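Chain by chain, the residues:
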Amino acid sequence: MTVPALILMPLALLSKLMFTFASYTPPGLILSLLSVFIVNKQFLICYKQEFVGTLLMIAFTFSAGKWVGVDTWQVAWLAHAVGVIAADRIGGGPHVNPAVSVSMWSLGKCTYTEMYVRIAGQMGGGLLAFPLYRFFSNTLGWNSLGGPEFSLLDDDVDDGSDAAFSEFFATILLCFLIYLVNWELNFGKYHYWIKQTLTAFGIRYLIEVFPTAGPAMNPMLGTTWAVFNSAFDSGADLDSEIWENMGTFPQDAEHYFVYWISPICGALTASFLYAIYSGDAFFGHKLPMGPLVTPIGGVATPSAPSK
């Protein structure tokens with residue numbers, strides 16, 4: 001056997017192994033995992049928080065009404081609330097939402113690199129979660145989990161703007177809720193449990209009030225669900241075994257307009273308004289307006305999140 005052949009055979013074997021591995025890996029998951037090594041793994045903990053937190057969040061909150069509380073909305077709401085609290089507590093306080101991470105970056109609560117790694121962790125957790133929980137639901141005979149989506153009408157009028165506005169305003173209200181219970185209110189000894197419970201019920205309320213695009217109020221959920229759902233044979237329901245591949249990222253611009261641009265613009269709008277209210281910097285710059293509140297002593301100081 002010639003020397004070139006000895007070199008090419010291992011390369012061919014490696015290529016085949018990589019192709020086989022990739023065919024069983026959701027698209028984008030490997031790129032997400034590689035984000036761990038940014039800045040000498042300085043943000044490894046952040047990535048783990050987001051990856052694990054997203055897995056837990058989807059399991060605990062999407063199961064409400066599907067695996068738990070199927071027949072009664074009261075039990076579904078309670079299960080969703082418990083899921084929000086459990087995912088945050090076990091996951092170590094992750095953002096689990098790219099729009100929220102962008103908001104935290106704009107208000108100086110995290111660096112750009114930390115934001116990037118957190119979003120990568122969120123996407124990785126979401127890309128893995130939906131296929132993983134589909135396996136569980138099919139194996140155990142449970143209802144399949146659903147996800148946020150919207151459909152354009154078959155005419156020239158519907159451009160997805162209704163869904164986009166829904167995501168925009170829902171995300172603004174979500175961010176206001178996060179700012180309020182984390183930075184403006186203090187419930188004393190039981191602050192964490194009360195603020196997480198209020199957050200959970202607030203999220204559930206927004207889900208009921210803004211149904212046009214799911215809602216997602218979370219770019220990661222909109223896209224990772226779309227990737228998972230695209231793997232099904234056209235017309236097959238979620239409980240079927242007709243699953244062609246690991247899915248592909250959406251090809252239509254409307255998807256990214258509705259699930260990424262709109263909620264991120266909503267998060268930045270909420271951040272801007274909060275910076276006016278509190279006197280915090282917005283993208284590192286003090287705004288000419290505000291603050292609208294003056295703390296004790298008459299000196300405006302930046303808010304700090306409280307767990």
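Here the residue index of a chain counts from 1 through its sequence in written order. Whole-chain, interface and lining totals are the exception, using all residues; otherwise, since this is a predicted model, local features are given only for residues with pLDDT of at least 70 and side-chain atom pairs are given and counted only at 80 or more. To get the side-chain values, take all heavy atoms of the structure and skip hydrogens and water.

**A word on the confidence of the model for the protein**
Averaged over all residues, the pLDDT of the protein equals 85, while 81% of them reach at least 70. pLDDT is a residue-level measure of predictor confidence that goes from 0 to 100. In DSSP terms, a helix is any run of H or I states spanning at least four residues, a strand is any run of E spanning at least two, and both are numbered starting from the N terminus. By mean pLDDT, the top-scoring element of the protein is helix α5 (residues 98-106) (98), and the lowest-scoring one is helix α1 (residues 3-23) (59). What makes two residues a contact is simply this: any of their non-hydrogen atoms within 4.5 Å. Predicted confidence for residues 296-307 stays below pLDDT 50, and this span has 27 contacts to residues more than four positions away or in other chains.

**Here's the deal with the nonpolar core**
Within the largest apolar cluster, 60 residues are counted, with the highest numbers of intra-cluster contacts made by M57, I58, F62, Y133, Y179, V258 and Y259. Elements supplying a minimum of two residues to this core: α3 (44-62), α5, α6 (112-140), α7 (161-184), α8 (191-209), α9 (219-229) and α10 (253-278). Discounting chain neighbours no more than four positions away, the residues touching V258 are F150, G160, A163, A164, E167, A213 and P263. Take the buried Ala, Val, Leu, Ile, Met, Phe, Trp, Tyr and Cys residues and link them wherever side-chain atoms come within 4.5 Å; each set so joined is a nonpolar core. Categorising residues by exposure relies on relative accessible area from a 1.4 Å probe, with only protein chains included: less than 20% of the type maximum marks a residue as buried, more than 50% marks it as exposed, and the intermediate range marks it as partly exposed.

**Side note on the packing of aromatic side chains**
Only Phe, Tyr and Trp rings take part, Trp by its six-membered ring, and two of them pair if their centres are within 6.5 Å. Stacked means planes under 30 degrees apart, edge-to-face means over 60, and tilted covers everything else. Within the structure shown, the criterion is met by 23 aromatic pairs. Ring pairs connect the aromatic residues W67, Y133, F135, F136 and W142, which therefore count as one cluster. Above the plane of the ring of Y192 lies R89, whose end atom (NZ or CZ) is 4.8 Å from the centre. We note K109 situated over the ring of W183; from NZ or CZ to the ring centre the distance is 4.7 Å. Distance and angle both matter: a charge sits over a ring if NZ of Lys or CZ of Arg is within 6 Å of the ring centre and within 35 degrees of the ring normal.

**Re α3**
With 19 residues, α3 extends 26 Å between its outermost C-alpha atoms, agreeing within 8% with the 27 Å of an ideal straight helix rising 1.5 Å per residue. Counting buried positions along α3 yields 14 of 19 residues, so the element is predominantly enclosed. How far a helix is expected to stretch is found by multiplying one less than its residue total by 1.5 Å.

**Topic: unusual backbone geometry**
Negative phi is the rule for most residues except glycine; trans is the rule for most peptide bonds. Going from G214 to P215, the amide bond is cis rather than trans, its omega being -10°. Structurally, P215 is set in the loop between α8 and α9. A cis amide bond, omega 0°, links G290 with the succeeding residue P291. Relative to the helices and strands, P291 resides in the segment after α10. Of note in this structure, N40 is not a glycine but carries a positive phi near 55°. Take N40: it is sitting in the loop between α2 (29-34) and α3. For M217, which is not glycine, the phi torsion reads 55° and is therefore positive. Checked against the element boundaries, M217 lands in the loop between α8 and α9.

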